[in-house]
Amino acid sequence: MPTLRELSLKGIGQSRASGGAWSAKNWAFDSNTLGFTSARGYVSFFNGTGAEIGYPEKDVSSIFWYRRGSIDYLLVEVQDGTTRKIVTYTNSAGTLTEHIIIDLAAHPENQSKYAGTQYIPFGNFLAIFPEYGQPQKFYGNRTEPFGFLAAPTPPRIWSPPSMAFVGNPALDVGTVAPDSMLYATNKYGTYFAQGEGCMWFEDTNIIGFGLGDSTKPTTERLNSYAYKVSFVSDTGSESPLSEKTLTVSWIGGYTENANALTYRYGIMLDEVPVGQEGTVKRNIYRTQNMEDGITGKGEVYYLIDSIENNFDTLYTDIQPDSAASVSAPSVLDSMIMPYGIKLATGYKNRIVIASSDDHPARVWWSAANAPEEFPATNYFDFGNTSGGEITGLYAHKELVLIFREDSIDALTPTGQLSQPFTVTPVVQGIGTIASNSIQAVPNLGVIFLSSDGFYLIQGNFSGGSQIGVQKLSLGLGHEFGTINQNALSKACATFNRWDNEYWCQVPAYGNTYNSLGFVYHADANAWTTRTNVPAACFTQSPQHHTIFGSNASQAGIHANNRGVHTWCAVRQYGTTVVGQSTVALASPASTWRSHWLDFGDAGQQKVVRTVELLIIATGEGEMELESRVDYKEETMPSTSSEVVTEPFSGRHTRYYGSETMELQDSDSNAKYNQVVPTADNDAAITARMSPARTAVIRFDVNANACRQYSFEITTLKNATVLGFTIHYEIKGERKAYTQNFNQSMY
């Protein structure tokens, strides 16, 4: 009686003993049927209800879907030669309109080892870190600079009178009398002269306004003050303080002879600096009375007031010293934004940045709840350690992973306000320059692409636990070797929730643009490859649809396939133009090639008789099979059967459409009814995969006696392959070799 070996059909990277494939191209794993399906492809994102309505005829270098409240924005970085800009699009009655967010026209295409433009959702804005130029904050209806590139300039200070007045109105030489605001009661007023100006208040005014010491005789009243200012942005972040103003000093005060009244002054500041867009106020800091610099309060600054706008440039300080009680920030509390930041991520209530032009091995973190405010001591520099420059940041669970060229570290919280983070090594000798390949996979960990394979990071440092790093791509050598290591930084990845897969596009076959996809199917613990998808960058919609920006012009694909596209359950790879008509481009073939199989006995000659495929056939389609023996690449002829529930002999190519039938229960997984989002969300394409019953296709191989056997299946239509059985003879005994996912289905 024949023996039966049951193994699970796998993807690339698994051994032949575990059912792994030598190659598997253009499949998705369907967790519903536990089989590989070919029913995947892409359509233009700007498709309306199916008819082309226009698209950005440009290649895309970065893309990000940003939801702000109930409004969705698709940000696209397009390039045309050396012209680059980040834009959004609106669709009105079939007309696509481009709205520029950031103009990057003067900057070249990204050719560095860094990630290109970074998008960081934070609170009520999106932080955008372009590879060149100042970072920006995107609020949907406006864009503002992110961070402080310079401290404010100090304002100009007006001096009080150079000597005390005697009489009313008594004039100092070369001055003019107090203006018409001098009331008869002499309680307060204003004074302007050549190079001088102030407000003045009777020393005994009830409110206590005015600056100056009234505890000494007029001739001994030495007074001196200095000021600093800062900007405060709409994120609650405060800039570094300005340099101090000139110190304003005076002796005595205005004296009115008849009533022997003395006065204190309100100091006037002019040319108060105006901040960049997004500045909501300016804070005014002042010393208390420093007197002669020895007997006074010293040069310590306090918050005395705020100008609650970003346009007034004149301010008069009337606050007495008693109002100066809140200390100013120190010079260490906020610093100028490092220039040329390449990497950024958000972590809880902070922004983490890294790799500036001057400090490529340094990471900084912002103050809590102040994403643009970076204390000067909030950094860690890897410059004296091995591992190379910082090439990637990725916030995951309770830590921020810091990727370098040849090592990985983690920024871990300490719970201390004075030093909120510490840096903990994760692994040495493994790193990445493909920072856009770093992607979390739910219930698994973080996957990334290194120079020698794909790796998985699992765990964290909380509660004394440890982080583990393991290679995930064992057995991918022959496919992995096609990657262009010199262009590895162009790789990009996403997590496709619909198919529970990690998908990484890489430059391969000598290309400097992404031309090959590696797909890790988490449900099957299997790898496949994906060809002919011109994906330069990925993003995910709120509905978990995979959206990608195209590099079609680099890949030599029709211009229709530039711009933005949606990956979905439709066997179509974009469009092309035939004559005057736009037609769908056919998807590439889905192929699965087995390892060389010796059926457990490499020394014995076997005769392979038939190969049976267990499939779910959907719609009209066909399946082909090629056979190879004893490590020879020449294929052998096979014949195949019609689709039946019990196998029998037939011809080489088999059409299975006539035997499909819909299941009575059509309430299948949502993957069979994926909705393709459109630019304005007012229309959609529904790509349906009609579930059908299982069927068996039998191929008569009739191969010569061999020690090793390999076969390859190919389909150009929708099909889901569940498993296979090989019937063979050895020493006259008939045996069966089976690989399938769901043994109960066969």
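Everything below is about the structure shown above.
Everything numeric here is computed off the predicted structure, so don't read it as measured data.

A. Looking closely at the environment of Phe 64. Within the fold, Phe 64 resides in strand E6 (residues 59-68). In sequence terms Phe 64 and Phe 548 are 484 residues apart; their C-alpha atoms lie 9.2 Å from each other. Not counting residues up to four positions away in its chain, the partners in contact with Phe 64 are Tyr 73, Leu 74, Leu 75, Tyr 119, Pro 121, Leu 126 and Thr 539.

B. A look at the packing of aromatic side chains. Enumeration according to the criterion identifies 34 aromatic pairs in this entry. Ring centres 5.3 Å apart and planes at 10° place the aromatic pair Phe 64 and Tyr 119 in the stacked group. Taken as a pair, Phe 64 in strand E6 and Tyr 119 in strand E10 (residues 118-122) lie far apart in primary sequence, 55 residues in all. By the burial criterion, Phe 64 is buried, and Tyr 119 matches it.

C. Expanded view of the nonpolar core. In this structure, Leu 449, Phe 454, Tyr 709 and Ile 726 are the most contacted members of the largest nonpolar core, which totals 57 residues. With 6 residues, strand E56 (residues 719-730) is the largest single contributor of residues to this core. Filtering out sequence-adjacent residues up to four positions away, Leu 449 remains in contact with Gly 431, Thr 432, Ala 434, Ser 437, Phe 454, Phe 480, Ile 483, Leu 488, Ala 491, Tyr 502, Cys 504 and Val 506. By size, the runner-up hydrophobic cluster in this structure holds 18 residues, among which are Leu 211, Tyr 225, Tyr 227 and Val 272.

D. Geometry of the environment of Pro 320. Relative to the helices and strands, Pro 320 resides in the loop between strand E24 (315-317) and strand E25 (326-327). The exposure class assigned to Pro 320 is buried, which follows from its relative accessible area of 17%.

E. Local environment of the pairing of strand E30 (residues 390-396). When you tally the buried positions in E30, you get 6 out of 7 residues, the bulk of the element. Bridge analysis of E30 against strand E31 (residues 399-404) gives 6 bridges, and the strand direction is antiparallel. Paired with Leu 393 across the bridge in E31 is Ile 402. The antiparallel hairpin formed by E30 and E31 contains 2 residues in its connecting segment, where Lys 397 sits at a positive phi of about 55°.

F. Representation of the sheet that holds strand E22 (residues 279-287). If you trace the 4 strands from one edge of the open sheet to the other, you get E18-E22-E23-E25, paired in antiparallel fashion. Two strands bound the open sheet, and with one partner strand each, they are strand E18 (227-233) and E25. In the sheet, strand E23 (residues 301-307) pairs with E25 via 2 bridges, with the strands oriented antiparallel. In the strand pairing of E25, Leu 303 is matched with Val 326.

G. The arrangement of the pairing of E31 in detail. Taken across its 6 residues, E31 has 6 buried, putting it largely inside the fold. Here E31 shows a buried face lined by Leu 399, Leu 401 and Phe 403 and a second buried face lined by Val 400, Ile 402 and Arg 404. Bridge count for E31 against strand E32 (residues 407-413) is 4 bridges, and the pairing is antiparallel. Residue pairing across strands places Phe 403 opposite Ile 408, the latter belonging to E32. Taking the residues that link successive antiparallel strands as the turn, the E31-E32 hairpin has 2 residues.

H. Up close: the sheet that holds strand E12 (residues 136-138). Pairing is antiparallel in the open sheet, where 4 strands are placed in the order E10-E11-E12-E13. This sheet does not close on itself; its edge strands, each paired only once, are E10 and strand E13 (143-145). Taking each pair of neighbouring strands and ignoring which way they run, the sheet shows an average axis angle of 25°. By the bridge criterion, 5 bridges tie E10 to strand E11 (residues 125-129) in an arrangement that is antiparallel. The residue of E11 that forms the bridge with Ile 120 is Ala 127.

Thresholds applied
Residues numbered from 1 in each chain as written. Predicted model: local features only at pLDDT ≥ 70, side-chain atom pairs only at ≥ 80, totals over all residues. Heavy atoms only, no water. Helix = DSSP H or I, 4+ residues; strand = E, 2+ residues; numbered from the N terminus. Contact = heavy atoms within 4.5 Å. Phe/Tyr/Trp six-rings, centres within 6.5 Å; stacked < 30°, edge-to-face > 60°. Buried < 20%, exposed > 50% of the residue type's maximum accessible area, 1.4 Å probe, protein only. Core = buried A, V, L, I, M, F, W, Y, C linked by side-chain atoms within 4.5 Å. Pairing = 2+ DSSP bridges. Axes fitted to C-alpha atoms, helices over the stretch in contact; angles between N-to-C directions.

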